[in-house]
Amino acid sequence: MMTRRQRIISLLEERDYSPSELAQALGLRGKGSKKLVLDELRAIQKTLKREGKVLLIKPAECRKCGFRFKPEIKIPSRCPRCKSEWIEEPRFKIERRG
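The model shown is predicted, which means the values in this text are computed figures rather than measured ones.

Q: Tell me about the packing of helix α1 (residues 4–14) against helix α3 (residues 33–50), residues and numbers included.
A: Closest axis-to-axis distance for the α1/α3 pair is 10 Å, and the angle between their directions is 80°. Here α1 lies roughly perpendicular to α3, going by the angle between them. Side by side, α1 and α3 meet where Arg-4, Arg-5, Ile-8, Ile-9 and Leu-12 of the first sit next to Leu-36, Glu-40, Leu-41, Ala-43 and Ile-44 of the second. Grouping the constituent residues of the contact of α1 with α3 by class yields seven nonpolar, no polar and three charged.

Spelled out as structure tokens, the structure:
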């Protein structure tokens, strides 16, 4: 039986996922599911360095004005430019360091 982190790593090695998609793939539901995934991603990012892998982050983006956020392991709630809350979640993927 794989741990939650191992399952997340396995999924992210196949393709990119948003925190919502990861929560859904892991069967997590409820208010704290995205936060739980983000906490796991922070821990995974540290362990990947030892394994010669890297967590790639496609930054969150405002769907209204196109503002791109910093590539961070977090989900912004509002665009600083236009104040819209219509935010595309960041996407994560794991690749071998080359």
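Q: Requested: an account of the environment of Phe-92, with residues and values cited.
A: With respect to the helices and strands, the residue Phe-92 is situated in strand β4 (residues 91–96). Overall, Phe-92 belongs to the buried group, its relative accessible area being 0%. Residues contacting Phe-92, with those up to four places away along its chain left out, are Leu-12, Arg-15, Asp-16, Tyr-17, Pro-19, Leu-41, Leu-55, Leu-56, Ile-57, Glu-72 and Ile-73.

Q: Explain α1 to me, using residue names and the numbers behind them.
A: Since there are 3.6 residues in each turn of an α-helix, residues three or four apart along the chain are aligned in direction. Every buried residue belonging to α1 is among Ile-8, Ile-9, Leu-11 and Leu-12, and all of these are buried. Projected onto a plane normal to the axis of α1, the buried residues spread over an arc of 165° and lie on a single side.

Q: Break down the pattern of salt bridges for me, with residues and values.
A: Inspection of every chain in the model, using the stated rule, returns 13 salt bridges. Glu-51 serves as the salt-bridge partner of Lys-53, at 3.9 Å between the closest nitrogen and oxygen. With a closest N to O distance of 3.2 Å, Arg-68 and Glu-61 form a salt bridge. By relative accessible area, which is 25% here, Glu-61 ends up partly exposed. Each of Arg-4, Arg-5 and Glu-40 takes part in salt bridges that share partners, so that together they form one network.

Q: Residues and numbers for the packing of aromatic side chains, please.
A: The description of an aromatic ring pair uses the distance of the two centres, along with the angle that the planes make with each other. Overall, the coordinates contain one aromatic pair when judged by the stated rule. With a centroid separation of 5.0 Å and an interplanar angle of 90°, the aromatic rings of Phe-67 and Phe-69 are classed as edge-to-face. On the basis of relative accessible area, Phe-67 is assigned to the partly exposed category, the value being 23%. Exposure remark for Phe-69: the relative accessible area of 14% places this residue in the buried category. For Arg-15, the ring lying beneath its charged end belongs to Tyr-17, and the centroid distance is 4.0 Å.

About the cut-offs
- Residues numbered from 1 in each chain as written.
- Predicted model: local features only at pLDDT ≥ 70, side-chain atom pairs only at ≥ 80, totals over all residues.
- Heavy atoms only, no water.
- Axes fitted to C-alpha atoms, helices over the stretch in contact; angles between N-to-C directions.
- Helix = DSSP H or I, 4+ residues; strand = E, 2+ residues; numbered from the N terminus.
- Parallel < 35°, antiparallel > 145°, perpendicular 65-115°, else oblique.
- Contact = heavy atoms within 4.5 Å.
- Nonpolar A, V, L, I, M, F, W, Y, C, P; charged D, E, K, R; others polar.
- Buried < 20%, exposed > 50% of the residue type's maximum accessible area, 1.4 Å probe, protein only.
- Arc of directions from axis to C-beta.
- Salt bridge = Lys/Arg side-chain N within 4 Å of Asp/Glu carboxyl O.
- Phe/Tyr/Trp six-rings, centres within 6.5 Å; stacked < 30°, edge-to-face > 60°.
- Lys NZ or Arg CZ within 6 Å of the ring centre and 35° of its normal.

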